[in-house]
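Residue-level structural notes
If you want the building blocks of each chain, they are given just below.
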Amino acid sequence: MTDRVESQKNLYNVGMKHRRGVLGDVYVDNALANGSTEFARAMQEFTTAFCWGAVWDRPGLDRKQRSLINLSMLAATGKVHELAVHTRGAVNNGLSATEIREVLVQVCIYMGVPAGMEAFKAAEKVLKDMEKEGVQIKP
């Protein structure tokens, strides 16, 4: 195995640890099962290695800080599906409902009300779903 392939495999393994820690085993298993066609497998491996392995494993920011950043970027760019995924991850990383709400208010003022409104709807649905699942969310 080449050094490049070995390095990428190591990043993938580190990334999978972070991905599962943030998003949970159920979500990751489902994403791998439903999104791992021969065609899509390359994207699953790439994002796991480089997003979750290379970036989420870097020192300097903790998971909670990274979640705040992700929520703001995803809300600002209107990536509502990914915002929902990362709202769940943000709770898993220790963010409270108040912290999630406040980052979305910040997006609303700097990126516009429509972006903020869509983000609020997506995040609130996830928080309600999580409460129905019995997840304790900090106020």
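Not measured: the values here are computed from a predicted model. (Residues numbered from 1 in each chain as written. Predicted model: local features only at pLDDT ≥ 70, side-chain atom pairs only at ≥ 80, totals over all residues. Heavy atoms only, no water.)

Brief notes about the UniProt feature "domain: Carboxymuconolactone decarboxylase-like" (unreviewed entry) in the protein chain
Put simply, the test is: UniProt positions are given in the numbering used here, feature names are shortened, and annotations may be inferred rather than shown by experiment. Here a helix means four or more residues in a row that DSSP labels H or I, a strand means two or more in a row labelled E, and each is numbered from the N terminus.
Following the UniProt record, one finds the feature "domain: Carboxymuconolactone decarboxylase-like" (unreviewed entry) at residues 43-124. Spanning residues 43-124, this segment combines 82% helix with 0% strand, and its end C-alpha atoms are found 29 Å apart.

So, the packing of aromatic side chains
Operational definition: Aromatic contacts are taken between Phe, Tyr and Trp rings whose centres are within 6.5 Å, Trp giving its six-membered ring; a plane angle under 30 degrees counts as stacked, one over 60 as edge-to-face, and the others as tilted. The buried label goes to any residue with under 20% of its type's maximum accessible area, the exposed label to any with over 50%, and the partly exposed label to all in between, with areas taken from a 1.4 Å probe on protein chains only.
Taken as a whole, this structure holds two aromatic pairs when the rule is applied. Their ring planes at 40 degrees and their centres at 5.0 Å tell us that phenylalanine 46 and phenylalanine 50 sit as a pair that is tilted. Of this pair, phenylalanine 46 and phenylalanine 50 both sit in helix H3 (residues 38-55), four residues apart, roughly one helical turn. Residue classification places phenylalanine 50 among the partly exposed residues on the basis of a relative accessible area of 32%.

What about a nonpolar patch on the surface?
For clarity, the threshold we go by: Excluding any residue in a salt bridge, patches collect residues exceeding 30% relative accessible area, merging like charges within 9 Å and nonpolar Val, Leu, Ile, Met, Phe, Trp and Tyr side chains within 5 Å. Exposure was quantified through the Shrake-Rupley algorithm and a 1.4 Å probe, taking into account, for residues, occlusion by the shown protein chains and nothing else. The rule for a salt bridge is simple: a side-chain nitrogen of Lys or Arg has to be within 4 Å of a carboxyl oxygen of Asp or Glu.
On the surface, Met43, Phe46 and Phe50 cluster together into a nonpolar patch covering about 300 Å² of accessible area. Relative to the helices and strands, methionine 43 is located in helix H3. A relative accessible area of 52% means that methionine 43 is categorised as exposed.

Points about the layout of surface pockets
Our working definition: Cavities and pockets are found on a 1 Å grid laid over the protein atoms alone: a cavity is a set of points where a 1.4 Å probe fits but cannot escape, a pocket is an open set with protein on both sides within 12 Å along at least five of seven lines, and a lining residue has an atom within 4 Å of such a point. Grid points are joined across faces, edges and corners, and a volume is the space filled by probe spheres set on the points. The residue classification treats Ala, Val, Leu, Ile, Met, Phe, Trp, Tyr, Cys and Pro as nonpolar and Asp, Glu, Lys and Arg as charged. All others, Gly included, are polar. Domain limits in this description derive from either an automatic procedure or a database domain assignment.
Of the voids in this model, the largest pocket is the one considered here, and its volume is about 390 Å³. At the level of secondary structure, the elements contributing two or more residues to the lining of the largest pocket comprise helix H1 (3-23), helix H2 (25-35), H3, helix H4 (63-76) and helix H5 (80-92). Broken down by element, the lining of the largest pocket gets its largest block of residues, six residues, from H3. Within the lining of the largest pocket, the residues separate by chemical class into eleven nonpolar, five polar and two charged. Counting the residues that make up the lining of the largest pocket, at least three belong to each of domain 1 (1-58) and domain 2 (60-138).

Quick notes on H2
Here is the rule: Our arc is simply the arc of the directions from the helix axis toward the C-beta atoms. Should any heavy atoms of two residues lie within 4.5 Å, those residues are counted as being in contact.
Within the sequence span of H2, burial applies to Val28, Ala31 and Gly35. Buried residues of H2, viewed axially, fall in a sector of 65 degrees; they line one side. Facing away from the buried surface of H2 by more than 90 degrees, the exposed residues are Val26, Ala33 and Asn34. Residues of H2 that are buried sit in contact with H1 and H3.

Observations regarding the domain arrangement of the protein chain
For interface size, the figure often reported is the accessible area lost on association. Just so we agree on the cut-off: Buried area: the sum, over both parts, of the accessible surface (1.4 Å probe) that disappears when the two are put together. Here a polar contact means two N or O atoms within 3.5 Å. Within protein one must be a hydrogen donor candidate and the other an acceptor candidate, and residues neighboring in sequence count only if both atoms are side-chain atoms.
The domains assigned to the protein chain are domain 1 (1-58) and domain 2 (60-138). Just the C-alpha atoms count here: the centres of domain 1 and domain 2 sit 22 Å apart. With eleven residues of domain 1 at the contact, the number on the domain 2 side is 13 residues. Buried area between domain 1 and domain 2, summed over both chains or domains, comes out near 910 Å², and the portion from carbon and sulfur atoms is 52%. Sorting the residues of domain 1 by area buried against domain 2 places Val22, Leu23 and Trp56 first, and these three jointly supply 55% of that buried surface. In this structure, the connection of domain 1 to domain 2 is made through zero salt bridges. In this assembly, domain 1 and domain 2 are joined by four residue pairs in polar contact (both at pLDDT 80 or more). Those elements that place two or more of their residues in the side of domain 1 that touches domain 2 are H1 and H3. No other element matches H1, which puts five residues into the side of domain 1 that touches domain 2. Looking at the side of domain 1 that touches domain 2, its residues break down into six nonpolar, three polar and two charged.

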